[in-house]
Amino acid sequence: MTFVSRLKSTTTAVSRLALGVAMGLGLVVAIAGVPAKALAQAVPAPTAEAPSAAPALRAVPQAQGQGPAMWVIRDADSTIYLFGTVHVLRPTTAWGTARVDAAFDSADEFWMEISNPDDQAALMPIIQQHGLDPANPLSSRLTAEEFAKFDEAAKTLGASGAQLDVFRPWLAALQLSVAPLVKAGYDPQSGVEIVLKARAEAAGKPIKGFETLDQQIRILADMPEDIQLAFLRSTLEDYDEAATMLDGMVSSWSTGDVDALDRVMVEEMKTEMPQVYEALLTRRNQAWAGQIQDLLAGSGTVFIAVGAAHLVGDDSVQSMLEDRGIEVDEAS
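Below is a short write-up of the structure. All figures in this text were calculated on a predicted structure; none of them were measured in a lab.

A word on the sheet that holds strand S5 (residues 300–307)
Okay, so step 1: An order of S4-S3-S5-S2-S1-S6 is seen for the six strands of this open sheet, with the pairing classed as mixed. On the outer flanks of this sheet lie strand S4 (207–211) and strand S6 (329–330), each paired with one strand and no other.
Okay, so step 2: With four bridges joining them, strand S3 (residues 109–114) and S5 adopt parallel strand pairing. Counterpart to Glu109 in the pairing with S5 is Val302.
Okay, so step 3: In the packing of helix H5 (residues 98–106) onto the sheet, contacts are made with strand S1 (70–74), strand S2 (78–85), S3 and S5, and the angle to S5 comes to roughly 125°.
Okay, so step 4: Relative to S4, helix H10 (residues 213–221) is tilted by about 30°, and along the sheet it contacts S3 and S4.

Observations concerning the packing of aromatic side chains
Okay, so step 1: Using the criterion set out here, one finds 10 aromatic pairs in the structure.
Okay, so step 2: Both rings, one in Phe104 and one in Phe110, keep their centres 5.4 Å apart while their planes meet at 70°; by these two values the pair is edge-to-face.
Okay, so step 3: Taking relative accessible area as the criterion, Phe110 reaches 0% and is therefore assigned buried.
Okay, so step 4: Judged by centre distance (5.4 Å) and plane angle (80°), the ring pair of Phe104 and Phe303 falls under edge-to-face. With Phe104 in helix H5 and Phe303 in strand S5, this pair connects stretches of sequence that are 199 residues apart. We note that Phe104, like Phe303, is buried.
Okay, so step 5: Within the aromatic cluster, the residues linked to one another by ring pairs are Tyr81, Phe83, Trp95, Phe104, Phe110, Trp253 and Phe303.

Concerning empty space enclosed by the protein
Okay, so step 1: Throughout the structure, instances matching the rule amount to four cavities of 30 Å³ or more.
Okay, so step 2: Its volume calculated, the second largest cavity comes out at about 60 Å³.
Okay, so step 3: Lining the second largest cavity we find 13 residues, and of these Ala69, Trp71, Trp253, Val258 and Leu261 sit closest to its centre.
Okay, so step 4: Mapped by element, the contributors of at least two residues to the lining of the second largest cavity are helix H12 (242–254) and helix H13 (258–272).
Okay, so step 5: Along the lines of polarity and charge, the residues of the lining of the second largest cavity split into nine nonpolar, three polar and one charged.

What to know about H5
Okay, so step 1: Arg99, Val100, Ala103 and Phe104 are the residues of H5 that are buried. End-on view of H5: buried residues confined to an arc of 130°, all on one side of the axis. Exposed and facing more than 90 degrees away from the buried side of H5 are Ala98 and Asp105.
Okay, so step 2: On the buried face of H5, the contacting elements are S1, S2, S3, helix H9 (192–203) and S5.

What counts and how
- Residues numbered from 1 in each chain as written.
- Predicted model: local features only at pLDDT ≥ 70, side-chain atom pairs only at ≥ 80, totals over all residues.
- Heavy atoms only, no water.
- Pairing = 2+ DSSP bridges.
- Helix = DSSP H or I, 4+ residues; strand = E, 2+ residues; numbered from the N terminus.
- Contact = heavy atoms within 4.5 Å.
- Axes fitted to C-alpha atoms, helices over the stretch in contact; angles between N-to-C directions.
- Phe/Tyr/Trp six-rings, centres within 6.5 Å; stacked < 30°, edge-to-face > 60°.
- Buried < 20%, exposed > 50% of the residue type's maximum accessible area, 1.4 Å probe, protein only.
- 1 Å grid on protein atoms, 1.4 Å probe; cavity = no way out; pocket = protein on both sides within 12 Å on 5 of 7 lines; lining within 4 Å.
- Points joined across faces, edges and corners; volume = space filled by probe spheres on them.
- Nonpolar A, V, L, I, M, F, W, Y, C, P; charged D, E, K, R; others polar.
- Arc of directions from axis to C-beta.

Encoded structure:
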C-alpha cells in the first residue's frame, strides 16, 4: 500500500499528524498564533503596541508525581538536560516540577527547536515564498465537494474557502489540523517553549535554536504535492478528532509516560505515515544528535526543550546519541 492510499484509508491519520506537529514541530506555535486570513495575505496579524517591558512570566500549575520526563547527559565539564515538550497547551495543564525548575535555573544556555517561534515578522516572508500558490489554487486541485468541505472548515478559522484558496495544501492542512486544538482551549502562548523562553529572557540566558523557521516550514513545504493533498483531504474528513486525541497524549506526557507516547503517537505515525515520520522526526533527530555532541565537547550547562515526539521511540534523540557512544540517563 502506498503512503497516499494508507493516509486516505486511516481514519485517525490526520489526528496522528496533528499530534506529531503539536509534539514534534515548533513551527506550530508560529502558525497557531496567526489568523488564517493574515497568513493568506502574508502580513502580520494586527497587534496592540508592544510593551517595552519583558513579557510577563506565566505561572505553571505543578504536576502531580514526577511530571514530564527529562534526561541528562554529563561529562567532566558539561551537563545537558533534554526535556520533551508540547508546543501548545491549555493554560491549566499541570507540568511544572521542582526538578525541571532546578535544571533550567542551573543552565547557562537555553536551546529550542527554533529560537523565534513567536516572530510573526520573520514568519510572513517565508509563508509568502513557501506557503502560497495563487497560480494553482486549491479549488483547482480539490473536487467541488472537497472544496465545499474546505469552505466550511475555513469558517471555523474566521475565513472562507475563497480567502484561503491561495494556500498550498501543506499550509491548509496544517491550519485545519491546529484549528481544533485552539478551539478546544490549547494556546500557543501556554506551550512549554514560550513559557521557558520568557523565563530565559528574564534571566538573561542566551536562547538558541537547532533550526530556523525556514527550515521547519520546508519540512512540510518540500513534501511531494500528492502527499500534501492527501494530508489535506484526510484533514477535511476527520479534523475534529485531533483535540480529543491530544488530550490523551498530554495526559501521558505530563505524567512522564513515555511508553504511551511512543506506542500511540510515534509508532503509529511510523507505520501509517513513514515519509512524514522520516521528515518530521528521524532526519531531524539525527541532525540534533550531532549538534548536541558538539555542545558536549564544550563546557557548561545547557537546557534543551524540544517536542516530546523527538525523545521517545527507537529513533529518538537519545537513541541516536547512544549510537554515538554518548550515555543518556533519566534525570532524577
